Amino acid sequence: MASGLSYLHADRLVAKQRTALQITWIGLLVNLGLGCVKVAGGWALNSKALLADGAHSLLDLLTDIVVLVGLSLANKPEDANHLYGHHKFASFAKFIVGGVLLVFSLGLVLAALFDVRTALSQTKAGAALALALVSLVLKEGLFWWTRSVARRLKSELVMANAWHHRMDSLSSLGVAVALFAVWIGGPQWAFLDDAVTLILGGYLTFESFKIFFRACADLLDAAPEREIIEDLREHILPTPGALAYHDFRVRRIGDFFEVDLHLQVDPEISVEEGHEIARSVKERMRKQHPEVSTVLIHVEPANREHIKQRGLSGADQEERQHGQ
């Protein structure tokens, strides 16, 4: 059974990687086409906002490449130089994506404040508006599609890329609003081209910082959210033979989690029986949570003093429930 479940877990990881790569390739091709069209249109029509929007799409292309490389490297097996696997390549890719987004967002703010190119004309605003609307529809659709895939796969790297698409769609929305005002109201509304760029730059800076900060937390082995920890640990004590546990730790590595704990069992049973209980805990947790890649369990005798001082047992949980 153990080997069968391990094969199933491996198959799930392969299917997850294939789906993540497919949606990222689609995003890459969309960004390539949109970026070239918007940059050329923004330059020809003299719209700084559309030009910045096009540059954003081309930077999305760069981050798509980073995501593709990160996903491919993260699923390589262990080797002599990476004894714990390559999953942290996904965290590193997310770090790069967040850093690129942050630099670009700050660049948008500076461009809006200091760029002194001539304002776009009312005639050109109409053509630029059409390009912005096409970009808005494509990028918003790509965001919802990528986000649904990220949620299904529980992939933070794919989710970061999805939010990159959402940033581009919001950028196109703001650009479209500004260009529409210029197209309808005339040159006196041309200041909105810079105003929208400034607002979008500020918003993108905020979102980019969150992605960058979470990537840093993963690389520094910060503990994941409390809900995730509690969701994982609830599978330990219901396992027959698991009397108590302590030193339960979880860390995120890319799109997966590593878990380690000290499991306390009846001191009178054999080493083989204790090992079988630990195996059951591990398989139970991985069956319910495919995002868990590794579970390392140290088996100890459940001496009363150890449970009282350091362990969490079924009796402790009952006391907490009655107390509540």
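Under the heading Sequence similarities (unreviewed entry), UniProt records this for the chain: "Belongs to the cation diffusion facilitator (CDF) transporter (TC 2.A.4) family." For the chain, the Subcellular location (unreviewed entry) comment in UniProt is given as "Membrane".

**Student:** Honestly, the packing of aromatic side chains in this entry has me stumped. Any pointers?
**Tutor:** Each aromatic ring pair is described using two quantities: the centre-to-centre distance and the angle formed by the ring planes. One pass over the full model with this rule turns up 4 aromatic pairs. Between Phe143 and Trp144, the ring centres sit 5.4 Å apart and the planes meet at 70°, which makes this aromatic pair edge-to-face. Their ring planes at 70° and their centres at 6.1 Å tell us that Tyr245 and Phe248 sit as a pair that is edge-to-face. Neither Tyr245 nor Phe248 differs from the other in exposure class; each is buried.

**Student:** Where do I start with the pattern of salt bridges in this structure?
**Tutor:** Between side chains of opposite charge, pairing is possible as soon as their charged atoms come close. This model, assessed by the stated rule, comprises 6 salt bridges. The closest approach of N and O atoms between Glu230 and Arg226, which form a salt bridge, is 3.5 Å. Taken together, the residues Glu230 and Arg226, both in helix 7 (residues 226-233) and 4 residues apart, mark about one turn of the helix. Here Glu230 falls in the partly exposed class, since its relative accessible area comes to 37%. The structure contains a network of salt bridges with shared partners spanning Arg226, Glu230 and Arg233.

**Student:** How do you make sense of the nonpolar core when you look at a structure like this?
**Tutor:** Nonpolar side chains tend toward joint burial in soluble globular proteins. Of all hydrophobic cores here, the largest spans 20 residues; its most connected members are Ile236, Phe248, Val259, Leu261 and Leu263. For this core, the secondary structure elements donating two or more residues are helix 7, strand 1 (244-253), strand 2 (256-265), helix 8 (271-288) and strand 3 (292-301). It is strand 2 that contributes the most residues to this core, 5 residues altogether. The contacts of Phe248, once residues within four sequence positions are left out, are Ile229, Leu232, Arg233, Ile236, Val259, Asp260, Leu261 and Met285.

The rules behind these values
- Residues numbered from 1 in each chain as written.
- Predicted model: local features only at pLDDT ≥ 70, side-chain atom pairs only at ≥ 80, totals over all residues.
- Heavy atoms only, no water.
- UniProt positions renumbered as here; feature names shortened; annotations may be inferred.
- Phe/Tyr/Trp six-rings, centres within 6.5 Å; stacked < 30°, edge-to-face > 60°.
- Buried < 20%, exposed > 50% of the residue type's maximum accessible area, 1.4 Å probe, protein only.
- Salt bridge = Lys/Arg side-chain N within 4 Å of Asp/Glu carboxyl O.
- Helix = DSSP H or I, 4+ residues; strand = E, 2+ residues; numbered from the N terminus.
- Core = buried A, V, L, I, M, F, W, Y, C linked by side-chain atoms within 4.5 Å.
- Contact = heavy atoms within 4.5 Å.

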